[in-house]
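Per-entry structural report
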Amino acid sequence: MQDFVKGQMVMSKAGHDKDNIYVISSIEDEYLYLVDGRLRKLTNPKKKKKMHVQPINYVDTKLKSKFDANENVINEEIKYAIKQYTMSRDL
């Protein structure tokens, strides 16, 4: 089974949010808590089973270090990280 880490990007592969990109904010057994900084903010993360997401081989190191150190992460940082990833992917 895939190992997930905080700060990693994932793509939803099931549900009404299919193909949306999220950042993992928390991991709990078989569930991931996902945020995008827009609709799913840090105060209200999306709870999704691991089997319903496609891992992306990209971890935002700045977000990961902040999550690991329990530092304050803001929604704008998450939106920026997702935007940077999607822009680099489109090139």
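Everything here concerns the structure above.
Described below are features of the structure shown in this document. (Residues numbered from 1 in each chain as written. Predicted model: local features only at pLDDT ≥ 70, side-chain atom pairs only at ≥ 80, totals over all residues. Heavy atoms only, no water.)

What follows is about the pairing of strand β3 (residues 31-35). Counting buried positions along β3 gives four out of five residues, so the element sits mostly inside the fold. Relative to β3, strand β2 (residues 21-28) runs antiparallel, the two sharing five bridges. Following the sheet pairing, I24 is matched in β3 by L34. The turn joining β2 and β3, which pair antiparallel and follow one another in sequence, is formed by two residues; a positive phi near 50° is taken by D29. When β3 meets strand β4 (residues 46-49), the two strands line up antiparallel, connected through four bridges. Looking at the pairing, L34 lines up with K46 of β4. (Buried < 20%, exposed > 50% of the residue type's maximum accessible area, 1.4 Å probe, protein only. Helix = DSSP H or I, 4+ residues; strand = E, 2+ residues; numbered from the N terminus. Pairing = 2+ DSSP bridges.)

Bringing the side chain of D17 into the picture now. You can see D17 is positioned in the loop between β1 (8-12) and β2. Judged by relative accessible area, D17 falls into the buried class, the value being 3%. Within polar-contact distance, the side chain of D17 engages the side chain of K48 at 3.2 Å. Contacts of D17, omitting those with residues within four sequence positions, involve S12, Y22, K46 and K48. (Polar contact = N/O pair within 3.5 Å; in protein donor to acceptor, adjacent residues only side chain to side chain. Contact = heavy atoms within 4.5 Å.)

Attention now moves to the side chain of K66. Looking at the secondary structure, you find K66 in helix α1 (residues 61-68). Those residues in contact with K66 that sit more than four places away from it in its chain are E71, N72, V73 and E77.

Let's shift gears to the nonpolar core. Residues M9, I21, V23, V35, I56, L63, F67, V73, I78, A81, I82 and Y85 constitute the largest nonpolar core, which totals twelve residues. When residues of this core are traced back to their parent elements, those giving at least two are β2, α1 and α2 (75-90). Looking at this core, the element that brings in the most residues is α2, giving four residues. Excluding residues that lie within four positions of it along the chain, I21 makes contacts with M9, V10, M11, D36, I56, I82, Y85, T86 and R89. Grouped together as the second largest cluster of nonpolar side chains are seven residues, F4, V10, L34 and V53 included. (Core = buried A, V, L, I, M, F, W, Y, C linked by side-chain atoms within 4.5 Å.)

Okay, the environment of K49 next. Position of K49 among the secondary structure elements: in strand β4. A relative accessible area of 30% places K49 in the partly exposed class. Between the C-alpha atoms of K49 and A14, which are 35 residues apart in sequence, the distance is 9.9 Å. Not counting the four nearest positions on each side in its chain, K49 is found in contact with E30 and Y31.

Turning next to the sheet that holds strand β5 (residues 53-59). On the basis of which strands lie adjacent, the open sheet formed by five strands has the order β4-β3-β2-β1-β5 and antiparallel pairing. Edge strands, defined here as strands with exactly one partner in the open sheet, are β4 and β5. Across this sheet, the average inter-strand angle for adjacent strands is 45°, counted without regard to direction. Here β1 pairs with β5 via four bridges, running antiparallel. In the strand pairing of β5, M11 is matched with Q54. In the packing of α1 onto the sheet, the strands contacted are β2 and β5, and the crossing angle to β2 comes to about 25°. In the packing of α2 onto the sheet, contacts are made with β1, β2, β3 and β5, and the angle to β2 comes to roughly 130°. (Axes fitted to C-alpha atoms, helices over the stretch in contact; angles between N-to-C directions.)

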